[in-house]
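Residues per chain are reported as follows:
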Amino acid sequence: MTRLGILLSGRGSNFQAIHRAVERGEIEAEIALVVSNVPEAAGLKYAREAGLPVWTMSSKGVPRAEFDRKVLEALREAGVEWVCLAGYMRLLSPEFIAAYAGRIVNIHPSLLPSFPGLDAQEQAFRHGVKITGCTVHLVDEGLDTGPILAQSAVPVLEGDTVESLSARILEAEHKLYPATMARLVGSRKQ
Ligand code: GRF
């Protein structure tokens, strides 16, 4: 069984989608550790209630390299093989990326390379695109620049607001991320 580490900073709905897929046997893996740089993140509450191992420490005021070394230590101790970023609002240090080279996955709420960075749904909406979506990609040292693994297109509909569009993209994220992880690490159900 592949051992996954989840890194999150907020509500953790993508993490929940991955966890449910793991529970259903759709991803042949176990969640070995859920990490957050935000101790009060809602995603951690879910993790604890689900009985998953959690590691958290506020990253406020901690230099990136130092913080990432602590996260790495926790991941290694838990035997984590693949890292899933799920709304982790921090750039990773080069040391971190090197330690898990080619095994760090992220989801971004736009069709990359369009609209990288923060508020991607709003950027797409304001730009007036008719199709946007989400992207699962491997993480490199750039901001949302790593090799693309999978994408899902989402139409912008008449009367959409940033909120309604974001909600439709999020639904697509919850399908795409687990399906991509299943492809990467295997599934008992395919
Ligand atoms: C998602 O929109 C994801 O694409 C982006 O951050 C958001 C995280 O949401 N990277 P959640 O915490 O998974 O609900």
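Predicted model only: the values in this text are computed from it and were never measured.

Trainee: How should the pattern of salt bridges be read in this particular structure?
Mentor: Oppositely charged side chains may form a pair once their charged atoms are brought near each other. With the rule as written, the count across this model stands at 5 salt bridges. Its salt-bridge partner being R24, residue E26 comes within 2.8 Å of it at the nearest N-O pair. With relative accessibility at 30%, the residue E26 sits in the partly exposed group.

Trainee: Explanation requested: helix α3 (residues 64–77) in the structure shown.
Mentor: Note on helix geometry: an α-helix contains 3.6 residues per turn, so any two residues three or four positions apart are oriented the same way. The terminal C-alpha atoms of α3, which comprises 14 residues, lie 20 Å apart, in line with the 20 Å expected from a rise of 1.5 Å per residue. Looking at α3, one finds that the buried residues are F67, D68, V71, L72, A74 and L75. One face of α3 carries all of its buried residues, which in axial projection span an arc of 165°. Among the exposed residues of α3, those pointing more than 90 degrees away from its buried face are R69, E73, R76 and E77. Structurally, α3 contributes buried residues whose contacts are with β1 (2–8), β2 (29–36), β3 (54–56), β4 (82–85) and α4 (94–99). With its phi angle positive at about 70°, G79 sits one or two positions after the end of α3.

Trainee: Explain the packing of aromatic side chains to me, please; I cannot follow it from the model alone.
Mentor: Within a pair of aromatic rings, the relevant descriptors are the distance that separates the centres and the angle that separates the planes. For the structure shown, the criterion picks out 3 aromatic pairs. Their ring planes at 35° and their centres at 6.1 Å tell us that F96 and Y100 sit as a pair that is tilted. Residue F96 shares its accessibility class with Y100, and that shared class is buried.

Trainee: I tried to follow helix α1 (residues 13–23) on my own but got confused; where do I start?
Mentor: Across the 11 residues of α1, 8 count as buried, placing the element largely inside the fold. When we look at burial in α1, the residues that qualify are S13, N14, F15, A17, I18, H19, A21 and V22. The inward-facing, buried residues of α1 contact β1, β2, α2 (42–49), β4, β5 (104–108) and α6 (162–185). Just downstream of α1, G25 is the residue with a positive phi angle, here 80°.

Trainee: Quick question: what am I supposed to make of the site of the ligand here?
Mentor: The full set of residues close to the ligand is R11, G12, S13, N14, G87, I107, H108, P109, Q121 and E173. Residue I107 places a main-chain N or O atom 2.9 Å away from a nitrogen atom belonging to the ligand. When the ligand is considered free in solution it has 360 Å² of accessible area, and contact with the protein chains removes 87% of it. For the shell around the ligand, the secondary structure elements donating two or more residues are α1 and β5. Taken together, the residues that form the shell around the ligand break down as 2 nonpolar, 6 polar and 2 charged.

Trainee: Is there a simple way to think about the nonpolar core in this case?
Mentor: It is characteristic of soluble globular proteins that their nonpolar side chains tend to be buried jointly. Counting residues in hydrophobic clusters, the biggest one holds 39 residues, and the most contacted among them are I6, F15, I18, I27 and V34. With 8 residues, α6 is the single largest residue contributor to this core. The residues contacting I27, other than those within four sequence positions of it, are I18, A21, V22, P178, M181, A182, V185 and G186.

Trainee: Even after reading the chapter, I still don't get the packing of α1 against α2, so can you show me in this structure?
Mentor: In helix packing, the relevant descriptors are the interaxial angle and the interaxial distance, both defined with respect to the helix axes. In the contact formed by α1 and α2, the axes pass within 10 Å of each other and the chain directions differ by 20°. Our classification of the angle between α1 and α2 gives roughly parallel. Residues F15, Q16, H19 and R20 of α1 form the contact with α2, whose participating residues are G43, Y46 and A47. For the contact of α1 with α2, the class distribution of residues is 3 nonpolar, 3 polar and 1 charged.

Trainee: What's the story with the sheet that holds β4 in this structure? I'm lost.
Mentor: Pairing between the strands of a sheet comes from backbone hydrogen bonds, and it takes one of two forms, parallel or antiparallel. Within the open sheet, the 7 strands sit side by side as β3-β2-β1-β4-β5-β6-β7. Their pairing is mixed. Every interior strand has two partners, whereas the edge strands, β3 and β7 (148–155), have only one. With direction set aside, neighbouring strand axes in the sheet form an average angle of 20°. Note that β2 and β3 share 3 bridges and pair parallel. Residue pairing for β3: V35 is matched across the bridge by W55.

Rules and cut-offs
Residues numbered from 1 in each chain as written. Predicted model: local features only at pLDDT ≥ 70, side-chain atom pairs only at ≥ 80, totals over all residues. Heavy atoms only, no water. Salt bridge = Lys/Arg side-chain N within 4 Å of Asp/Glu carboxyl O. Buried < 20%, exposed > 50% of the residue type's maximum accessible area, 1.4 Å probe, protein only. Helix = DSSP H or I, 4+ residues; strand = E, 2+ residues; numbered from the N terminus. Expected span 1.5 Å × (residues − 1). Arc of directions from axis to C-beta. Contact = heavy atoms within 4.5 Å. Phe/Tyr/Trp six-rings, centres within 6.5 Å; stacked < 30°, edge-to-face > 60°. Near = heavy atom within 4 Å. Polar contact = N/O pair within 3.5 Å; in protein donor to acceptor, adjacent residues only side chain to side chain. Areas by Shrake-Rupley, 256 points an atom, 1.4 Å probe, with all protein chains shown as cover. Nonpolar A, V, L, I, M, F, W, Y, C, P; charged D, E, K, R; others polar. Core = buried A, V, L, I, M, F, W, Y, C linked by side-chain atoms within 4.5 Å. Axes fitted to C-alpha atoms, helices over the stretch in contact; angles between N-to-C directions. Parallel < 35°, antiparallel > 145°, perpendicular 65-115°, else oblique. Pairing = 2+ DSSP bridges.

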